[in-house]
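Architecture and fold: a report
The lines below spell out each chain.
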Amino acid sequence: MSAPVALSVAGSDPSGGAGMQADLKAFSAMGAYAAAVVTALTAQNTLGVQGIFPVPAEFVQQQLDSVLSDLDVAVLKTGMLGSPEVVEVVAEAVARHDVPVLVVDPVMVATSGDRLVSEETVDAVRELLLPHATLVTPNLPEAATLLGWTEVTEARMPEAAEALRRSGAGAVLVKGGHLVGDTSTDVLVDDDGALAVAAQRVDTANTHGTGCTLASAVAALLAQGVPLRDAVQEAKAYLTRAIAAADGLGVGHGHGPVHHFVDWWEPSRGRR
Ligand SMILES: Nc1ncnc2c1ncn2[C@@H]1O[C@H](COP(=O)(O)OP(=O)(O)OP(=O)(O)O)[C@@H](O)[C@H]1O
Ligand SMILES: Cc1ncc(CO)c(N)n1
């Protein structure tokens, strides 16, 4: 018997709420063994991004080869990819090592509004990674950028997801976290059509890393063989619990992180 392995290929958030740190926590909370290849270091916290230090593509490739030649990776999930060259080596490694499932979170901007990747990197993600993706998880501005639309409105979420599927991705989850209203609804489009994935909107400013956490929770469930639609719905329910518990965590002075271990820590003591 061996544990399902999920690999995050992402940027580091030293404040621990987003990026690869969020991925590792979500993988672990959802029952997958967590591995991580770093594509960029950021200096960031809950208030914003203060600096970015990219990892050279050759060293990202070396890390990928180290992990993929040894560990039996069931799912590879990408987040912030620092340059077009990094996107290229990730796409090439996915093909060369026959990675069975690829989840692409097309990260562009942090919750604070700070830009994380260049336009050239976005173009590379669209051209080199989306055609191999099992699932791609853009938020509304990311979906608009990938499609070359000025914006994606709530009414056009299914149309945007369908249009993005034409880029070659197997399934598309357009996330509605940037909308307002009582519910926070995402739209999944796969071979069976469109599915609205809704949850109660939580009234909180602590949403740092929600996108990373959702995509990683889905990836961890896919690594365990959970079917895509079930994985998305279960991950969304987990994320909503983690957001609802975020104020209780109370980390940082800006947009704080969600509570990745909401199902594990004792509420009254904040830990087990
Ligand atoms: N206040 C909230 N209450 C409930 N769900 C939320 C809330 N904010 C965001 N979500 C959910 O969180 C997930 C991520 O959505 P969002 O559109 O914010 O992604 P993102 O912009 O990529 O996130 P990130 O903040 O990591 O960049 C979606 O499932 C969205 O519906
Ligand atoms: C490193 C990193 N990746 C992704 C995000 C998106 O939330 C972030 N803020 N930081």
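Everything below is about the structure printed above this text.
Residues numbered from 1 in each chain as written. Chains lettered and ligands numbered in written order. Predicted model: local features only at pLDDT ≥ 70, side-chain atom pairs only at ≥ 80, totals over all residues. Heavy atoms only, no water.

1. A look at the pairing of strand E4 (residues 73-78)
Heads up, the condition is: Exposure categories follow from relative accessible area, calculated using a 1.4 Å probe and restricted to protein chains: below 20% of the type maximum is buried, above 50% is exposed, and the middle band is partly exposed. Secondary structure counts use DSSP, requiring at least four H or I residues in a row for a helix and at least two E residues in a row for a strand, with both numbered from the N terminus. Between any two strands, pairing holds if DSSP finds at least two bridges. When the strands point away from the viewer and the connection leading from the first strand across the helix to the second strand turns clockwise, the crossover is called right-handed.
Burial of E4 is extensive: six of the six residues sit out of reach of the surface. Taken together, the five bridges between strand E1 (residues 5-12) and E4 define a ladder with parallel strand orientation. Following the sheet pairing, Leu7 is matched in E4 by Leu76. Here E4 pairs with strand E5 (residues 101-104) via four bridges, running parallel. Considered in E5, the bridge of Val75 is made with Val101. Tracing the backbone out of E4, into helix H3 (residues 84-96) and back to the parallel element E5 gives a crossover that is right-handed.

2. Concerning the pattern of salt bridges
Counted only if it meets this: In what follows, salt bridge is the name for a side-chain nitrogen of Lys or Arg lying within 4 Å of a carboxyl oxygen of Asp or Glu.
Taken as a whole and assessed by the stated rule, the structure comprises eleven salt bridges. Between Asp263 and Arg241 there is a salt bridge, with the nearest N and O atoms lying 2.8 Å from each other. Taken together, the residues Asp263 in the segment after helix H9 (246-249) and Arg241 in helix H8 (residues 228-244) connect sequence positions 22 residues apart. Accessibility expressed as a relative area gives 40% for Asp263, which makes it partly exposed.

3. Digging into the site of ligand 1
Threshold: Throughout this document, a residue counts as near a molecule or strand when at least one of its heavy atoms sits within 4 Å of that molecule or strand. As used in this structure description, the phrase polar contact means that two N or O atoms lie within 3.5 Å; if the pair is within protein, one of them must be able to donate a hydrogen and the other to accept it, and residues adjacent in sequence are counted only when both atoms belong to side chains. When residues are sorted by character, Ala, Val, Leu, Ile, Met, Phe, Trp, Tyr, Cys and Pro go into the nonpolar class, Asp, Glu, Lys and Arg into the charged class, and all the rest, Gly among them, into the polar class.
Near ligand 1 you find 19 residues, and of these Thr111, His178, Ser184, Asp186 and Lys236 are the closest. Contacts to ligand 1 include Gly177, whose backbone N or O atom sits 3.0 Å from an oxygen atom. Taking His178, its side chain carries an N or O atom lying 2.8 Å from an oxygen atom of ligand 1. Those elements that place two or more of their residues in the shell around ligand 1 are helix H7 (210-223) and H8. Here the element with the most residues in the shell around ligand 1 is H7; it accounts for four residues. Classifying every residue of the shell around ligand 1 by side-chain character gives five nonpolar, ten polar and four charged.

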